[in-house]
Amino acid sequence: MKEGLVIDREAQMIGVYLFENKKVYRGIPRKKVLKKTKIYAGDYVYGNVVDTGTFAIEDVKERKNFLVRPPVANVDRVVVVTTLKKPEFDNFLLDSLLIVYEYFKTDPVIVFNKIDLLDDVEKKELERWINIYKDAGYDVSSVSAETGEGIDSLKDFLEGGISILAGASGVGKSSILSKLVGVNLEVREISEKTKRGRHTTTGVRLYMFQENSFVGDTPGFSSVDALYFMDKKDVKNYFREFLRYRCKFPNCTHTDEPECAVKEAVEKGEISKKRYNSYLKIIF
Ligand code: GDP
Ligand code: ZN
């Protein structure tokens, strides 16, 4: 059997990219497959070409993870797009998104967009934020979808597998998507048919932007409640930098317990106060 990737999923339509010949087919799942599972964008499927345009799906690979909004399987990384300006940087929203995507077992990375808008003072401020997130254990890059600055290195960084662009609306997700994918592909189609795919929860589409590298985007979130997804007591496990410390009590919530190594690290400046405050804001 041949291996394909579901890159287009809307209503009854399944678009399968076949790795062998790099062509896209209409996927038709066999009944036995449908009995076992639904099929989502990001699913790796196995089957055979049955006529020029059709790929019969015989099996679906077990998913390593699954995002719900929009439904995409096997996400290798979520690119959380943010900006220092326009819209104003919201570190609490960023921290909430990072922990939620980590909870979904995807690897979140951070991209600051619109760096063309920054003056020297703001560039310094951006640098400080970038260091906070690098110290916390995240990959961070900065780009301008407007001028193209940083886009090539972002492309290299996202090489291989499935990347999903996430973040508040207006931060430039679709602009980055167009820059990554290039004008040659159907990006124009997205902007003309904006209602399709991007802004519905049912239609999802992944775009190939280089060999074996796919990218898709999500509807913009202007807020996210981490506690909708996870238990309060688990939030601390998704603040990466907290995991480096051992407190006196293994179930320490890093709030008012004695000999809390995390609080000590905040006092010493090893953990950013801003990150710690986001943690408190989420759990209280
Ligand atoms: P989305 O809602 O996250 O998909 O954001 P869009 O891609 O629609 O971009 C929102 C607005 O920001 C649009 O007017 C874009 O032209 C603008 N924009 C996107 N990227 C940049 C950038 O790097 N620099 C500047 N100055 N504007 C940008
Ligand atoms: Zn503690």
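Residues numbered from 1 in each chain as written. Chains lettered and ligands numbered in written order. Predicted model: local features only at pLDDT ≥ 70, side-chain atom pairs only at ≥ 80, totals over all residues. Heavy atoms only, no water.

**Thoughts on the site of ligand 1**
Not every one of the 16 residues close to ligand 1 is listed here, only the nearest: D116, G170, K173, S174 and S175. Contact distances for ligand 1 include 2.9 Å between an oxygen atom and a side-chain N or O atom of K114. Note that a nitrogen atom of ligand 1 is positioned 2.7 Å from one of the side-chain N or O atoms of D116. Out of a free accessible area of 580 Å², ligand 1 has 70% covered by protein chains. Among the elements that line the shell around ligand 1, the one with the most residues is helix α5 (residues 173-181), at 3 residues. When grouped by side-chain class, the residues that make up the shell around ligand 1 number 4 nonpolar, 7 polar and 5 charged. (Near = heavy atom within 4 Å. Polar contact = N/O pair within 3.5 Å; in protein donor to acceptor, adjacent residues only side chain to side chain. Areas by Shrake-Rupley, 256 points an atom, 1.4 Å probe, with all protein chains shown as cover. Helix = DSSP H or I, 4+ residues; strand = E, 2+ residues; numbered from the N terminus. Nonpolar A, V, L, I, M, F, W, Y, C, P; charged D, E, K, R; others polar.)

**Some remarks on the domain arrangement of the protein chain**
Under the domain assignment, the protein chain is made up of domain 1 (2-60), domain 2 (66-216) and domain 3 (231-283). For the domain 2 and domain 3 pair, buried surface summed over both sides reaches about 1300 Å², with 59% attributable to carbon and sulfur atoms. Counting the surface domain 2 buries against domain 3, the share from its top three residues, F92, I99 and A136, is 39%. The interface formed by domain 2 and domain 3 includes 3 salt bridges. Salt-bridge contacts for R240 lead to E102; the nearest nitrogen and oxygen are separated by 3.0 Å. At the junction of domain 2 and domain 3, the tally comes to 7 residue pairs in polar contact (both at pLDDT 80 or more). Every element with two or more residues in the side of domain 2 that touches domain 3 is listed here: α2 (91-103), β9 (107-113) and α3 (120-136). (Domains from an automatic or database assignment. Buried area = accessible area lost by both parts, 1.4 Å probe. Salt bridge = Lys/Arg side-chain N within 4 Å of Asp/Glu carboxyl O.)

**Brief notes about the confidence of the model for the protein chain**
Across the protein chain, the average pLDDT comes to 92, with 93% of residues at or above 70. Segment residues 184-201: pLDDT under 50, and 23 contacts once partners within four positions in sequence are set aside and those in other chains are kept. (pLDDT = per-residue confidence, 0-100. Contact = heavy atoms within 4.5 Å.)

**Side note on the nonpolar core**
In this structure, Y133, I176 and L180 are the most contacted members of the largest nonpolar core, which totals 77 residues. No other element matches α2, which puts 7 residues into this core. With near-sequence residues (within four places) excluded, I176 lies in contact with V81, V111, N113, V143, A145, L154 and L165. With 11 residues, the next largest nonpolar core counts V6, V16, L18 and I39 among its residues. (Core = buried A, V, L, I, M, F, W, Y, C linked by side-chain atoms within 4.5 Å. Buried < 20%, exposed > 50% of the residue type's maximum accessible area, 1.4 Å probe, protein only.)

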